[in-house]
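Close look at the chain arrangement
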6 protein chains.
Amino acid sequence: MPYVNIKVTREGGPDGTGPSANQKAQLIIGVTDLLHNVLGKNPATTFVVINEVPLEDWGVGGLPVQEHRKQTL
Amino acid sequence: MPYVNIKVTREGGPDGTGPSANQKAQLIIGVTDLLHNVLGKNPATTFVVINEVPLEDWGVGGLPVQEHRKQTL
Amino acid sequence: MPYVNIKVTREGGPDGTGPSANQKAQLIIGVTDLLHNVLGKNPATTFVVINEVPLEDWGVGGLPVQEHRKQTL
Amino acid sequence: MPYVNIKVTREGGPDGTGPSANQKAQLIIGVTDLLHNVLGKNPATTFVVINEVPLEDWGVGGLPVQEHRKQTL
Amino acid sequence: MPYVNIKVTREGGPDGTGPSANQKAQLIIGVTDLLHNVLGKNPATTFVVINEVPLEDWGVGGLPVQEHRKQTL
Amino acid sequence: MPYVNIKVTREGGPDGTGPSANQKAQLIIGVTDLLHNVLGKNPATTFVVINEVPLEDWGVGGLPVQEHRKQTL
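Reading guide: rules and limits
- Residues numbered from 1 in each chain as written.
- Chains lettered and ligands numbered in written order.
- Predicted model: local features only at pLDDT ≥ 70, side-chain atom pairs only at ≥ 80, totals over all residues.
- Heavy atoms only, no water.
- Helix = DSSP H or I, 4+ residues; strand = E, 2+ residues; numbered from the N terminus.
- Rg over C-alpha atoms; globule rule 2.2 N^0.38 Å.
- Contact = heavy atoms within 4.5 Å.
- Areas by Shrake-Rupley, 256 points an atom, 1.4 Å probe, with all protein chains shown as cover.
- Lys, Arg positive; Asp, Glu negative; His and termini not counted.
- Charge placed at Lys NZ, Arg CZ, Asp CG, Glu CD.
- Salt bridge = Lys/Arg side-chain N within 4 Å of Asp/Glu carboxyl O.
- Polar contact = N/O pair within 3.5 Å; in protein donor to acceptor, adjacent residues only side chain to side chain.
- Pairing = 2+ DSSP bridges.
- Least-squares fit on C-alpha atoms with pLDDT ≥ 70 in both.
- UniProt positions renumbered as here; feature names shortened; annotations may be inferred.
- Axes fitted to C-alpha atoms, helices over the stretch in contact; angles between N-to-C directions.
- Parallel < 35°, antiparallel > 145°, perpendicular 65-115°, else oblique.
- Left-handed = near helix turned anticlockwise from the far one by under 90°.
- Nonpolar A, V, L, I, M, F, W, Y, C, P; charged D, E, K, R; others polar.
- Buried area = accessible area lost by both parts, 1.4 Å probe.

This paragraph deals with the overall build of chain A. Across its full length, chain A carries two helices and four strands. Starting at the N terminus and ending at the C terminus, chain A contains elements arranged as β-α-β-β-β-α. Here the C-alpha atoms of chain A give a radius of gyration of 15 Å, more than 25% beyond the 11 Å that 2.2 N^0.38 yields for 73 residues. Based on the C-alpha atoms only, the size of chain A along its principal axes is roughly 45 × 25 × 20 Å. Restricting the contact set of chain A to residue pairs at least 6 apart, pairs at least 24 apart contribute 57%. Per element, the accessible surface of chain A, about 2900 Å² overall, is 49% carbon and sulfur. Each charge class in chain A was averaged separately, 6 positive and 7 negative side chains, and the resulting centres sit 5 Å apart.

This is the structure:
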């Protein structure tokens, strides 16, 4: 009866605006299989929720992601 | 001092695009009353946050919700 | 296919150490019914996860809960 | 290796539609510094995720935020 | 820069009290690889947090997990 | 009406078993002041919830934290 929440920055994907529906489907089946294989969890009761987070809303190293990347080039 | 987070798929409601403001208000009062009645929690310090999740971002049974529904018809 | 997370402070209940199993069961049925009644959600795919949070880990008004209560008496 | 999630209502900011990118950057550096100063956490592995929540999706006192404010004026 | 939260019921594992450290390590590498393979995410900045939830704190079908299992046998 | 969740690994602090109550109080006042100063948020309705996560439940770089540290020495 697992619940998995995956948060990624909204970027990349086929048109640069975030993961495609197909990529999200791959994450869903991938993590569901993982929980089945490692812990025997039933896929029928495994929930996966994906959140895309705008770049300005994600910080690391004390900076918004895009500023952080400029400084670590 | 409870904090409640309710995640639902973005669908249904009066125009098919998700719960209406009125339905959300019903969820807010309903869960606030529940915590008051069962645990004596003070409504003034009960927070409720509702998130609508796009269908392609929610997986169950190893599939995005819409694919899952087609297969379980 | 809702997912509900309820966070409460670890206190109260029959022995002062937090909600009893019975009180938690009342929260689970109450919020599941609420989502069914307001949004037509299927109880079979409604998940509810309850977290008890130690008092020193919950802050309000800039203070841990217990300090806050002393000051607002 | 902290992870911090900050949820605020989507309002205020320079044009009334929520915090500006600059304000979010101030939150990110502020909370990263706080964790470094209090617990010695490494800023390089401190993640901060900010979520703006629409007003109708946030409840307090059993009411959506805007209704609650009218009643407590 | 993904953040993944995996919630499972506290049960199973080698001694029935929840996943072992080794099983958790398999979840961590598995989901990190998945995000690398599907979205090209850098493992060095992929965080995974696992939460074990006591059975009485997890509800489905309007019942705590253990009651739900008895009824669906 | 902000809600802030701070997750840190359970380590450090005065006896090596995690942040002390006093350090948590510093996090609570610090983040509450930050939200007041940057966004004008009312401390009275600012909630802060701290979670300590066991080391084996936190992964980075595809490894549990402790393994990761050994490899990056």
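Further remarks concern the interface of chain B and chain C. Contacts between the two partners involve 25 residues from chain B and, on the opposite side, 25 residues from chain C. Our count for the chain B to chain C interface comes out at zero salt bridges. Connecting chain B to chain C are seven residue pairs in polar contact (both at pLDDT 80 or more). Breaking the side of chain B that touches chain C down by element, the ones donating at least two residues are β1 (3-9), α1 (21-39), β3 (58-60) and α2 (65-72) of chain B. Broken down by element, the residue count for the side of chain B that touches chain C peaks at nine residues, all from α1(B). Across five bridges, β1(B) lies against strand β1 (residues 3-9) of chain C in antiparallel orientation. The residue of β1(C) that forms the bridge with B:Ile6 is C:Val4.

The next subject is the arrangement of the chains. For the non-touching pair chain C and chain D, the nearest C-alpha separation works out to 14 Å. A gap remains between chain B and chain E, which never touch, and the nearest two C-alpha atoms on either side lie 14 Å apart.

Our focus in this paragraph is the relation of the copies chain B and chain C. Superposing chain B onto chain C requires a rotation of 180° together with a translation of 0.0 Å along the rotation axis, leaving an RMSD of 0.0 Å. Look at the turn and shift together and you get a two-fold axis relating the two. Taking C-alpha positions as reference, the residue of chain B nearest the rotation axis is B:Asn5, located at 2.6 Å.

Here we take up the UniProt feature "domain: 4-oxalocrotonate tautomerase-like" (unreviewed entry) in chain A. Under the UniProt annotation, "domain: 4-oxalocrotonate tautomerase-like" (unreviewed entry) lies at residues 2-66 of chain A. Helix makes up 32% of residues 2-66 of chain A and strand makes up 29%, while its end C-alpha atoms are separated by 33 Å.

Moving on, we come to the relation of the copies chain F and chain D. At an RMSD of 0.0 Å, chain F and chain D line up after a rotation of 180° and a shift of 0.0 Å along the axis. Interface overlap between copies is the fraction of interface residues in one copy that are interface residues in the other; for chain F against chain D it reaches 100%, indicating a shared surface.

One can describe the packing of helix α1 (residues 21-39) of chain A onto helix α1 (residues 21-39) of chain E by two numbers: an axis separation of 10 Å at closest approach and a directional angle of 160°. As summarised for this structure, α1(A) and α1(E) are arranged roughly antiparallel, according to the angle between their axes. Viewed along their axes, α1(A) and α1(E) form a crossing whose handedness is right-handed. Contact residues: A:Gln23, A:Gln26, A:Leu27, A:Gly30, A:Val31, A:Leu34, A:Leu35, A:Val38 and A:Leu39 in α1(A); E:Gln23, E:Gln26, E:Leu27, E:Gly30, E:Val31, E:Leu34, E:Leu35, E:Val38 and E:Leu39 in α1(E). When the residues that make up the contact of α1(A) with α1(E) are grouped by side-chain class, the tally is 12 nonpolar, six polar and no charged.

The partner chain D presents 25 residues to the 25 residues of chain F that form the contact. In this assembly, chain F packs against chain D so that about 2200 Å² is buried in total across both faces, 74% of it on carbon and sulfur atoms. Counting every contact that joins chain F to chain D gives zero salt bridges. At the boundary of chain F and chain D, one finds seven residue pairs in polar contact (both at pLDDT 80 or more). Top element by residues in the side of chain F that touches chain D is helix α1 (residues 21-39) of chain F. It accounts for nine residues. Across the side of chain F that touches chain D, the residue classes break down as 16 nonpolar, five polar and four charged.

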